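Fold and geometry: a report
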Amino acid sequence: VEKIEYMKEEVDKGNHWVVEVDSTQYGGNYVKTLELQPINVSSFLRNNVWNRASKRIISTATLPYRDNPDIWLHKVGLDPEKTKVISVDMRFPVENRPIHTDHMVASMSSGGFEDNEQEVMEKLNELAEKHYNTKGLVHTASYGRAERVAELVNADDHPYLHDNIFVHDGDEEPEVQIEQWENSDRDIFLSPSMMEGISLDGDRCRWQVLLKVPYPAMDSRTSYIVENQKYGWVEYRERAMIRVVQSYGRAIRHKDDFADYYTLDSDFADLISRRTPPSWFREAIGEEPVNDNSVFDY
């Protein structure tokens, strides 16, 4: 009730919110859920987070709007005049964390995966052979795509994928699934939800594949931002860039760690040309990827 009252106050001030009503089956009955989300989070954070202390330290390896941090500070309700942004160099050797773009197949958006399934499978099989008997994480961006990859595997065409894939079960907790994968004899973990919040140090993961750039889902809030805000598409791509950088860090957890990172989605080239990834991320790219076939033009 308090949140609804707060939302009404904000809307009366001209601060837009989106409301989503969903209906899920629970115990034989349908239960409605109400989700309230502010478009502008700055006042919400000022009133509920930042005012709880006189000093704040925020630590992140994926600072949004890296080329102009003041944009992000305004978005989250921090005063740029009272906030100091301190950047430190990456301590992990670049040779231990290469990003390979020479395996890009095509744009994986708007049906691109379905149109290029066979070539994607050939590339995955090639990488599975190269890294045979070492653990690898494939970021699929959706559970359906992870299951489809598993369905396409056959022993004749994909001998290094056959009986060598563990598919993430969305009903299980991530840590439970990771433990099951680690204890299995399967090298490859297909998952859409391991891009952040997990640590796969050492031999727990020695290679990763970005099967698809994780552009945000067009939910009510994202759609409103894209359609009604001046720099909505900029924020859309910024959020995708952050998730890509987050995924890159899952397998490199300390300065002596090492892992390879491959991208099959050619939209990766489009993304890093339109946004500003961290310098330590860009320096790990062997050759600057070129993509003239992106389906996006925003």
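In short, a report on the structure. This structure is a prediction, so every number in the text was calculated from the model and none was measured.

Parameters at a glance
Residues numbered from 1 in each chain as written. Predicted model: local features only at pLDDT ≥ 70, side-chain atom pairs only at ≥ 80, totals over all residues. Heavy atoms only, no water. Helix = DSSP H or I, 4+ residues; strand = E, 2+ residues; numbered from the N terminus. Buried < 20%, exposed > 50% of the residue type's maximum accessible area, 1.4 Å probe, protein only. Salt bridge = Lys/Arg side-chain N within 4 Å of Asp/Glu carboxyl O. Axes fitted to C-alpha atoms, helices over the stretch in contact; angles between N-to-C directions. Parallel < 35°, antiparallel > 145°, perpendicular 65-115°, else oblique. Left-handed = near helix turned anticlockwise from the far one by under 90°. Contact = heavy atoms within 4.5 Å. Nonpolar A, V, L, I, M, F, W, Y, C, P; charged D, E, K, R; others polar. Patch = residues over 30% accessible without salt bridge, like charges linked within 9 Å, V, L, I, M, F, W, Y side chains within 5 Å. Areas by Shrake-Rupley, 256 points an atom, 1.4 Å probe, with all protein chains shown as cover. Core = buried A, V, L, I, M, F, W, Y, C linked by side-chain atoms within 4.5 Å. Pairing = 2+ DSSP bridges. Phe/Tyr/Trp six-rings, centres within 6.5 Å; stacked < 30°, edge-to-face > 60°. Lys NZ or Arg CZ within 6 Å of the ring centre and 35° of its normal.

1. Some remarks on the environment of I178
- Here I178 is to be found in helix α7 (residues 174–182).
- For I178, a relative accessible area of 2% gives the class buried.
- Through-space distance from the C-alpha of I178 to that of D256 is 22 Å; in sequence the pair is 78 residues apart.

2. A closer look at the pattern of salt bridges
- Scanning the model with the defined rule gives 13 salt bridges in all.
- Two residues, D203 and R206, come together in a salt bridge whose shortest N-O distance is 3.0 Å.
- In this structure, the salt-bridge partner of R275 is E238, at a minimum N-O distance of 2.6 Å. With R275 in the loop between α10 (267–274) and α11 (279–282) and E238 in helix α9 (residues 232–248), the pair connects residues that are 37 residues apart, well separated along the chain. Accessibility assignment for this pair places R275 and E238 in one class, buried.
- Salt bridges sharing partners connect three or more residues here, namely E117, R148 and E151.

3. Things to note about the packing of α9 against α10
- Packing of α9 against α10 brings their axes to within 10 Å, and their N-to-C directions diverge by 115 degrees. With respect to α10, the axis of α9 lies roughly perpendicular. The hand of the α9/α10 crossing is left-handed. Between α9, through R237, A240, M241 and V244, and α10, the contact on the second element is made entirely by F268, L271, I272 and R274.
- Taken together, the residues of the contact of α9 with α10 break down into 6 nonpolar, no polar and 2 charged.

4. Details of a nonpolar patch on the surface
- Among the surface-exposed residues, I4, V19, V21 and L34 lie close enough to one another that they form a single nonpolar patch of about 360 Å² accessible area.
- Residue V21 is classed as exposed on the basis of its relative accessible area, which comes to 55%.

5. Focus: unusual backbone geometry
- Despite not being glycine, S110 shows a phi value in the positive range, around 50 degrees.
- Inspection of the secondary structure assignment puts S110 in the loop between β3 (99–100) and α4 (112–115).
- At D163, a residue that is not glycine, the phi angle is positive and equals roughly 55 degrees.
- When you line up the elements, D163 lands in the loop between α6 (143–152) and β5 (165–167).

6. What about the nonpolar core?
- V120, L124, V149, L161, I188 and V209 are the most contacted members of the largest nonpolar core, which has 23 residues in total.
- Looking at this core, the elements with two or more residues in it are α5 (117–130), α6, β6 (188–191) and β7 (207–210).
- Ranked by residues supplied to this core, first place goes to α5 with 5 residues.
- When sequence neighbours within four positions are dropped, the list of residues in contact with L124 reads V138, V149, L161, V209 and L264.
- Residues V213, V244, V245 and A284 belong to the second largest nonpolar core, which totals 22 residues.

7. A few points about the sheet that holds strand β4 (residues 136–139)
- Here 6 strands make up an open sheet; going across it, the order is β3-β8-β7-β4-β6-β5 and the pairing parallel. Strand pairing shows two members of the sheet lacking a second neighbour, β3 and β5, which therefore form its edges.
- Two strands pair when backbone bridges link them, and β3 and strand β8 (residues 260–263) are joined in this way by 2 bridges, in the parallel orientation. Looking at the pairing, H100 lines up with Y262 of β8.

8. Structural notes on the packing of aromatic side chains
- A full pass over the atoms with the stated rule returns 11 aromatic pairs.
- Both rings, one in F166 and one in F189, keep their centres 5.3 Å apart while their planes meet at 85 degrees; by these two values the pair is edge-to-face. Of the two residues, F166 sits in strand β5 while F189 sits in strand β6, which places them 23 residues apart along the sequence. Residues F166 and F189 agree in their burial class; the two are buried.
- Taking the centre distance of 5.4 Å and the plane angle of 90 degrees together, the rings of Y248 and Y261 count as edge-to-face. Taken together, the positions of Y248 in helix α9 and Y261 in strand β8 put the pair 13 residues apart, joining distant regions of the chain. Accessibility assignment for this pair places Y248 and Y261 in one class, buried.
- One aromatic cluster in this structure is built from Y248, Y261, F268, W280 and F281.
- The ring centre of F113 lies 5.5 Å from the NZ or CZ of R145, which sits over that ring.

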